[in-house]
Every structure is written in C-alpha cells, then in structure tokens.
Amino acid sequence: VDAIPARPVTEHDAAISGRPRRLVYNNSLPILSYRGFWLLEDWARGTAAMADERRGGFVARPGDVVLATLPKAGTTWLKALAFATMARGLFPPASPDHPLRRLNSHDCVPTVESGLFACGREGVLDKLPSPRLLNTHLPLSLLPSSITDNDDCKIVYVCRDEKDRAVSTWHFIKRIKRIGSDVPFSEVYKSICEGTSACGPVWDHILGYWNASKKEPSRVLFLTYEQMLQDPMGTIRQLAEFLGQPISDAEEETGVVAEIVELCRLHSCFSDQNVKNPGLESMKKQKINREGSQGVGITFSNDAYFRKGVAGDWLNHMTLEMGQHLDSILNEKFDGSGFTI
Ligand code: A3P
C-alpha cells in the first residue's frame, strides 16, 4: 500500500461541505448527513471520491464480491470466512502458512470507502487480482452504480441484533484515544434509536440490503451474525454456493468446511485459549492481531476487533426496557418488509 502514491484527501471537500454536521462520542468525531445517512466525515469524503467516476472513482470489475456490513455487525469474521472460502483452492485452510494465520482479515479484504478512498489509497484496487473481495459499510443506496447495476457483482450482507451491535460499538469506540473510555453507553444507544448513529438510520441500512436480497437473491445474500454463530458450517456452504464455488463432495470428505470454521474462529483469530489445534496456530498471526492496527487518521489496534463474539451480551449493558424500546422502533420500521428481528 505504501508504494502506491496517495491522492490528496481534501480533493472531495466541496462534495461534502455545507451538509448538516455534528460531533459525536464525547464531541470528538465529526459526522455528516450525506444523502440520507449519517457518515463519519472521513468516510463521507471517501464516499464522495468513490462516486466521482470522472476522476478515478470506483469502477466495479466483473466478479467483484462486496461484503456489506454495519460496523460491529461481524465484518472481521465475514471477511475471514469469505476470504478463506473463496481462496480455498489456492490456500488450503489447514495450511500452516495460510494468509489468515499471519494477517488480520482487514489486511486481506479492504473496506473501500474508509480504508482506501478516504485516505486517497484507492490505487490499491487496481492491483488486486480478480475476483476482488471488498468490504463496505455504506448503505446500498450509496454504492456506485457500477456495483449495484452490475449483474456480474455479488453482495453479501451481514445483519446483527442491534442491541448487541450497540454494545459492541460502545466497547470498540472506548478504545479510540480521541474519544476516551468515559463515553457513556447511553450516547451510543440513543443515537441508534434516533437514527443518527454512524451509517444510520440502521433500519434503512438493513432494509436496503434486505429488499435487494428478496428482489435479486442470486446477487444479494442476506446473512445474520446470529445464524453464523449458530451454524458456521452451514453459513460457509451457503456462501460457497452463492459465490459460485459450491463445496464439492470430495471437499466435504476432506473436512474443508470444518477447517475454515476453525481457521476463522474468534479464538483462533485472536487468542490461544480454546484452540483445538494449537499446532496450526501461527504465533505471527496472534502477534498481528494483538499488535497491528487499522485505519488512517483514527487508528484501531487489531485486538479491538475481537471481544466476546456472542449473542445476547446486551443483557449485561442495558435494561430489558431499553432492549424492548429499541426492538419496538425496529419492528415498526421493518413492518411489511418480511424482515423480522
Ligand atoms: P463483540 O464486541 O460483541 O464481541 P466488526 O468485525 O464488524 O467490527 O464486529 C466486531 C464484533 O465481531 C465483535 O463483537 C467481535 O468480538 C466479533 N468477532 C470478531 N471476529 C469474530 C470471529 N472470528 N467469530 C465471531 N465473532 C467475531
């Protein structure tokens, strides 16, 4: 990445100026209202750059696979699962030198608007071999038409129980020095309920992909984090099938699906606890996830991406009434869509 010259990041300031703007999380991070959604200012700048097709914006390639998520919905895990599944021919998941044993999954699958365009690093996209595996936190309506109108691009969306996502977000942002560990959980919760959290309103984010998955199931796959937790092997088979690389009978016999699950398990990704097969664990990989970092501007240490990885942690952070209130807001928004929480 460092070898590719960066574009000046201020180039798209005009496209984001004059929009409603406020400071969130202990008044430390600017967030903008951008075409119906609230985006962190840097991400909005990246989104504007991505959309600028005349000046080096995003151009999809046939075969591109876009993993779409709200932050803290399970992006890190989905990146690992999709990468391991798609690349299983080249990199057998049980191999001791699999890239995911020495790299964080964010290093294998870039987040396009924030990790590339927001930093002027989109030149990386040209260097990636096809089929490219990419990630976005953007809602469907803000994706470039070269993705959304392209029959040769596929999208995989992961949705997570908003109550658990709120808790995960809170723990994550407390790790950001600029924000500080004293940011109250109530601020994160309130912004989700009001539709002003990063990438919110969350119901519009979720519904955009849900509706697209109903309309074009061969192009948009809608998964949930809870389903991934409950049945990781089934999720991998579903992913492989959707991506046009179904797991063959011969592969089933070799146990490749279980190997991918093991490779991507939270404890395999991060700690040496509960590892069934410690012989396959690369110390380097643990090191990258403990000591490496992501991001430009605001940086996150890699270990911030791995916490409990469970469903239902919200019960430890909010009252039943708070949980019911958030559920009732979402139920009302999802009414008639066929999507239930
Ligand atoms: P918790 O904070 O609830 O533990 P994202 O990757 O979108 O930033 O989401 C982070 C959440 O996914 C965190 O949830 C993290 O623990 C969980 N996670 C990360 N890697 C995981 C894995 N391999 N398996 C299951 N959950 C994982």
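Numbering of residues starts from 1 in each chain and follows the order in which that chain's sequence is written. In keeping with the predicted nature of the model, local features appear solely for residues at pLDDT of at least 70, side-chain atom pairs appear and are counted solely at 80 or more, and the whole-chain, interface and lining totals rest on all residues. The basis for every side-chain value is the complete set of heavy atoms in the structure, and neither hydrogens nor water enter the calculation.

**Q** What is the right way to look at the overall build of the protein in this model?
**A** Elements are defined by DSSP. Helices are runs of H or I of four residues or more, strands are runs of E of two residues or more, and each kind is numbered from the N terminus. For the protein, the count of helices and strands is 17 helices and 9 strands. Each residue gets one of three labels from its accessible area relative to the maximum for its type: buried under 20%, exposed over 50%, partly exposed in between, using a 1.4 Å probe on protein chains only. The buried share among the 341 residues of the protein stands at 56%. Every residue pair with non-hydrogen atoms within 4.5 Å of one another is taken to be in contact. Contacts in the protein between residues far apart in sequence, at least 24 positions, make up 70% of those at least 6 positions apart. Of the roughly 15,200 Å² that the protein leaves accessible, carbon and sulfur atoms contribute 53%. For the area figures, the Shrake-Rupley method with a 1.4 Å probe applies, and any residue is considered shielded solely by the protein chains shown.

**Q** Would you mind going over the pattern of salt bridges with me for this structure?
**A** When their charged atoms lie close together, side chains carrying opposite charge are able to pair. A pairing counts as a salt bridge when a side-chain nitrogen of Lys or Arg comes within 4 Å of a carboxyl oxygen of Asp or Glu. All chains considered together, the criterion is met by 16 salt bridges. What you see here is one network of salt bridges that share partners, running through D13, R21, E41, D42 and R45.

**Q** I keep staring at the packing of helix 10 (residues 202-215) against helix 17 (residues 320-334) and nothing clicks. Help me out?
**A** Helix-helix packing: each pair is described by the crossing angle between the helix axes and the interaxial distance. Simply put, an axis is a line fit to the C-alpha atoms, just over the touching stretch for a helix, and the angle between two N-to-C directions goes from 0 to 180 degrees. Across the interface, helix 10 lies against helix 17 with an axial gap of 10 Å and an inter-helix angle of 40°. Here helix 10 lies oblique to helix 17, going by the angle between them. Helix 17 is crossed by helix 10, and the crossing has right-handed handedness. Mapping the contact onto sequence places V202, W203, I206 and L207 in helix 10 and I329, L330, K333 and F334 in helix 17. Each residue is assigned to one of three groups, with Ala, Val, Leu, Ile, Met, Phe, Trp, Tyr, Cys and Pro labelled nonpolar, Asp, Glu, Lys and Arg labelled charged, and all others, Gly among them, labelled polar. Residue classes in the contact of helix 10 with helix 17 are distributed as 7 nonpolar, no polar and 1 charged. Note that the term roughly parallel is reserved for angles under 35 degrees, roughly antiparallel for angles over 145, roughly perpendicular for angles of 65 to 115, and oblique for everything else. Should the near helix be turned counterclockwise from the far one by less than a right angle, the crossing is left-handed, whereas a clockwise turn marks it as right-handed.

**Q** What am I meant to see in helix 8 (residues 162-173) here?
**A** One turn of the α-helix equals 3.6 residues, which is why residues spaced by three or four share an orientation. Expected span of a helix: the number of residues minus one, times 1.5 Å. For helix 8, spanning 12 residues, the distance from its first C-alpha to its last is 16 Å, which sits close to the expected 16 Å at 1.5 Å a residue. In terms of residue burial, helix 8 counts as a mostly covered element, since 11 of its 12 residues are buried. Of the residues making up helix 8, those classed as buried are E162, K163, D164, R165, A166, V167, S168, T169, W170, F172 and I173. Under this definition, polar contacts are N or O atom pairs within 3.5 Å; protein pairs additionally need one hydrogen-donor-capable and one acceptor-capable atom, and for neighbouring residues in sequence, both atoms have to be side-chain atoms. Here helix 8 starts with a cap whose side-chain oxygen sits 2.8 Å from the backbone nitrogen of K163, and that cap is D161.

**Q** Would you mind going over the sheet that holds strand 7 (residues 220-224) with me for this structure?
**A** Backbone hydrogen bonds hold the strands of a sheet together, and the pairing may be parallel or antiparallel. Two strands are said to pair when DSSP picks up at least two bridges between them. Judged by pairing direction, the sheet is parallel, and its 4 strands sit side by side in the order 5-4-6-7 without closing on themselves. Of all the strands in the sheet, just strand 5 (133-136) and strand 7 have a single pairing partner and so form its edges. Sheet twist, expressed as the average angle between the axes of neighbouring strands with direction ignored, equals 20°. Relative to strand 5, strand 4 (residues 65-69) is paired through 4 bridges, and the arrangement is parallel.

**Q** Please explain the side chain of R160 as it appears in this structure.
**A** By the secondary structure assignment, R160 is in the loop between strand 6 (154-159) and helix 8. Within polar-contact distance, the side chain of R160 engages the backbone oxygen of K72 at 3.1 Å. If we skip the residues at most four places from it in the chain, R160 touches K72, A73, R165, S168, Y225, E226 and V310.

**Q** I would appreciate a short explanation of the pairing of strand 2 (residues 29-34) in the present structure.
**A** On a regular strand, each side chain points to the face opposite its neighbour's, so the side chains alternate between the two faces of the sheet. For strand 2, the tally of buried residues reaches 5 of 6 residues, placing the bulk of the element in the interior. Where strand 1 (residues 21-24) meets strand 2, 4 bridges bridge the pair, whose relative direction is antiparallel. The partner of V24 across the bridge, within strand 2, is L29. Where strand 1 folds back on strand 2, the antiparallel hairpin that results is connected by 4 residues, among which Y25 adopts a positive phi of roughly 50°. By the bridge criterion, 4 bridges tie strand 2 to strand 3 (residues 37-40) in an arrangement that is antiparallel. Residue pairing across strands places I31 opposite L40, the latter belonging to strand 3. Where strand 2 hands over to strand 3, the hairpin turn is made up of 2 residues, of which R35 adopts a positive phi near 45°.

**Q** Explanation requested: the confidence of the model for the protein in the structure shown.
**A** Caution is warranted with low-pLDDT regions, since their predicted coordinates should not be read in detail. Scored from 0 to 100, pLDDT reflects the predictor's confidence in each residue. In this model, the protein carries a mean pLDDT of 90, and residues with pLDDT of at least 70 account for 89%. Across residues 271-284, confidence stays below pLDDT 50; counting only partners more than four residues off in sequence or on other chains, it has 23 contacts. Interface confidence for the predicted complex, expressed as ipTM, amounts to 0.99; the pTM equals 0.92.

**Q** Just to check I follow, could you spell out the nonpolar core for this structure?
**A** Side chains that are nonpolar tend, in soluble globular proteins, to be buried together. The biggest cluster of nonpolar side chains holds 67 residues, and the ones touching the most others in it are F58 and I155. A per-element tally of this core places helix 10 first, with 7 residues. With residues up to four places along the chain from it excluded, the contact list for F58 reads M50, E53, D64, V112, F117, L125, R132, L134, P144, S146 and I147. Working definition of a nonpolar core: buried Ala, Val, Leu, Ile, Met, Phe, Trp, Tyr and Cys residues. They are joined through side-chain atoms within 4.5 Å. By size, the runner-up hydrophobic cluster in this structure holds 32 residues, among which are M86, V109, L239 and I247.

**Q** What is the right way to look at the sheet that holds strand 3 in this model?
**A** Pairing is antiparallel in the open sheet, where 3 strands are placed in the order 1-2-3. The open sheet has two edge strands with one neighbour each: strand 1 and strand 3. Across this sheet, the average inter-strand angle for adjacent strands is 35°, counted without regard to direction.

**Q** Looking at this model, I keep getting lost on the site of the ligand. Mind explaining?
**A** Whether a residue is near a molecule or strand depends on its heavy atoms: it is near if one of them lies within 4 Å of it. The ligand sits among 18 residues. The nearest are K72, T75, T76, S168 and G309. About the coverage of the ligand: the protein hides 97% of its 570 Å² of free accessible area. Broken down by secondary-structure element, the contributors of at least two residues to the shell around the ligand are helix 3 (75-86) and helix 15 (266-269). Class assignment for the residues of the shell around the ligand results in 8 nonpolar, 5 polar and 5 charged.

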